[in-house]
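Breakdown of the fold
So the chains spell out like this:
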Amino acid sequence: MRNKLDSLFGNAAFYKKVAVIGLPIVIQNTITNFVELLDNVMVGRTGTDPMNAVSIVVQLIFVFNLCVWGFCCGAGIFTAQFYGKQDHKGVQHTFRAKFYIAGAITLAFAIFFHYKADYFLLKFIHQSNDIGNPEATLAYAKQYLSIMIVAMIPFAISQAYTNTLRDIGETRIPMIAGICAVVVNLSLNYILIFGNFGAPKMGIMGAAIATCVSRFVENIIVISWTHSHPDRCRFIVGAYSSPKIPPRLMKEILIKGLPLGANETFWALGITMLNQNFSLRGLDVIGAISITSTIANLFNVVLFANGESISIIVGHLLGANEIKEAKKSATRMISLSFFSYLILCLILILCRNAFPAIYNTDQKIKELASIFIFQTAIFLPVNALIHNCYFTVRTGGKTFITFLFDSVFTWVFLVPSAFILVRYTNLSIITIYLLIKCWDLLKAAIGLLLVHKGVWLNCMVQEKS
């Protein structure tokens, strides 16, 4: 029994290590998502149509963000293991790979959004009641997207830097940069959305400009610190002196990174398609899901921090070829996340009515959001298991398995279920939303089985440089 408990719970030194790595990520993500909540509320106070427009565009940008992040994480698997092996040249090569990949993805999405924006925006705009104006929503969405395309550039650059810094354990600087960015974002939102301090009243265009400026601020801070601390960021010394990456390593990064990048992209597309199916039930559903997603993101900060910590801690152990310790650490961190989210589940249930109440929108949207938030809260511990199992399997380089586990699962089970239930049944959107959530129970069971089997225990950098 004691051995069983020891495998699930670590000692004080273990949790101190997790805290040193994870707390800066928690703080950064908490502030970022809290400001996103305030941003959402500020836009929401200008009316239902602007709020729905921003919600739709955010879902498109969400696909881009996860695509860039996913491919950078594909290279990041090697970064963490190279660092665990103390191979700083290898870390430098992976940094270059992230830079090239992020740039290529940004260019592709910018062209795509510029020429095909109307087609995708219209997929989300459906009116089945008296709530919302489709024409106004489309006009607002196009305005917002035109600025957000520019904001994609600094986001991509910052991902190459912050992803690498986190992989080598430097989580404090991305946190500081993130905090500065959200302060700028929030301040400019207050000034530009409502026209305070003599500024023009710009509505959602002001919100987009504020986001864009904050991205550049974050970039400047991260890049400046990295280049001014070569002793702690040894990968940056000579990083731009040559564009070369060893062909064998680049091939490995692409082989491992392609399934991971594709997974994040197709998973994001899957979630977007889910919301598109839900939107067929009316613009009020878009508003309710927007509120629910914003609140859920705020409560998921510990989840994402724990996942990032798994990538770093377990990745370093795998790189050092400490296989048994890697498995033990992963199990402990999954347990930590699960029990943490049992508590957060109760908190979110108690607050489910308070959050929608702060929005200046239709009462029906508030009531629907409150129900969605309750359903989301119930599944928080299950999502904790899913998320951390995914990060554990991914850290060992089993990216094709994670592709099957995440994206294929979403497109085989969730999207078709939503498609059929929304179009061919008379079930309420509340019931449909809950039924889709129930698929997470199966996904969590599969994830735990994969982790227990140890299919992910793999050191990939013993002979690579």
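Check the entry above for the structure.
One structure accompanies this document, and this report is about it. (Residues numbered from 1 in each chain as written. Predicted model: local features only at pLDDT ≥ 70, side-chain atom pairs only at ≥ 80, totals over all residues. Heavy atoms only, no water.)

What about the overall build of the protein chain?
Across its full length, the protein chain holds 16 helices and zero strands. For the protein chain, the residues scored as buried account for 57% of the 465 residues in total. With the model as given, the accessible surface of the protein chain reaches about 19100 Å², and the carbon-plus-sulfur share is 67%. Within the protein chain, the 23 negative side-chain charges are centred at a point lying 7 Å from the centre of the 37 positive side-chain charges. (Helix = DSSP H or I, 4+ residues; strand = E, 2+ residues; numbered from the N terminus. Buried < 20%, exposed > 50% of the residue type's maximum accessible area, 1.4 Å probe, protein only. Areas by Shrake-Rupley, 256 points an atom, 1.4 Å probe, with all protein chains shown as cover. Lys, Arg positive; Asp, Glu negative; His and termini not counted. Charge placed at Lys NZ, Arg CZ, Asp CG, Glu CD.)

Considerations on the layout of surface pockets
Taken as a whole, the second largest pocket encloses approximately 320 Å³ of empty space. As for the second largest pocket, its lining consists of 15 residues, of which Leu60, Phe112, Phe120, Leu269 and Thr272 are closest to the centre. Within the residue set of the lining of the second largest pocket, elements represented by two or more residues are α3 (48–84), α4 (88–122) and α8 (247–279). Looking at which element gives the most residues to the lining of the second largest pocket, the answer is α4, with six residues. (1 Å grid on protein atoms, 1.4 Å probe; cavity = no way out; pocket = protein on both sides within 12 Å on 5 of 7 lines; lining within 4 Å. Points joined across faces, edges and corners; volume = space filled by probe spheres on them.)

Section: a nonpolar patch on the surface
Where nonpolar side chains cluster on the molecular surface, the patch consists of Phe266, Leu269, Met273 and Trp411 and spans about 320 Å² of accessible area. Per element, the largest residue contribution to the nonpolar patch is three residues, and it comes from α8. In this structure, Phe266 sits in helix α8. (Patch = residues over 30% accessible without salt bridge, like charges linked within 9 Å, V, L, I, M, F, W, Y side chains within 5 Å. Salt bridge = Lys/Arg side-chain N within 4 Å of Asp/Glu carboxyl O.)

Observations concerning empty space enclosed by the protein
Following the criterion strictly, the structure yields four cavities of 30 Å³ or more and no others. If you add up the space inside the second largest cavity, you get close to 100 Å³. In terms of lining, the second largest cavity is formed by Cys73, Gly76, Ile77, Ala80, Gln81, Asn163, Asp167, Glu308, Ser311, Gly315, Arg394 and Thr395. Of all elements in the fold, only α3, α5 (134–167), α10 (301–319) and α14 (380–395) reach the threshold of two or more residues within the lining of the second largest cavity. When residues in the lining of the second largest cavity are grouped by element, the largest group, five residues, is from α3. When the residues that make up the lining of the second largest cavity are grouped by side-chain class, the tally is three nonpolar, six polar and three charged. (Nonpolar A, V, L, I, M, F, W, Y, C, P; charged D, E, K, R; others polar.)

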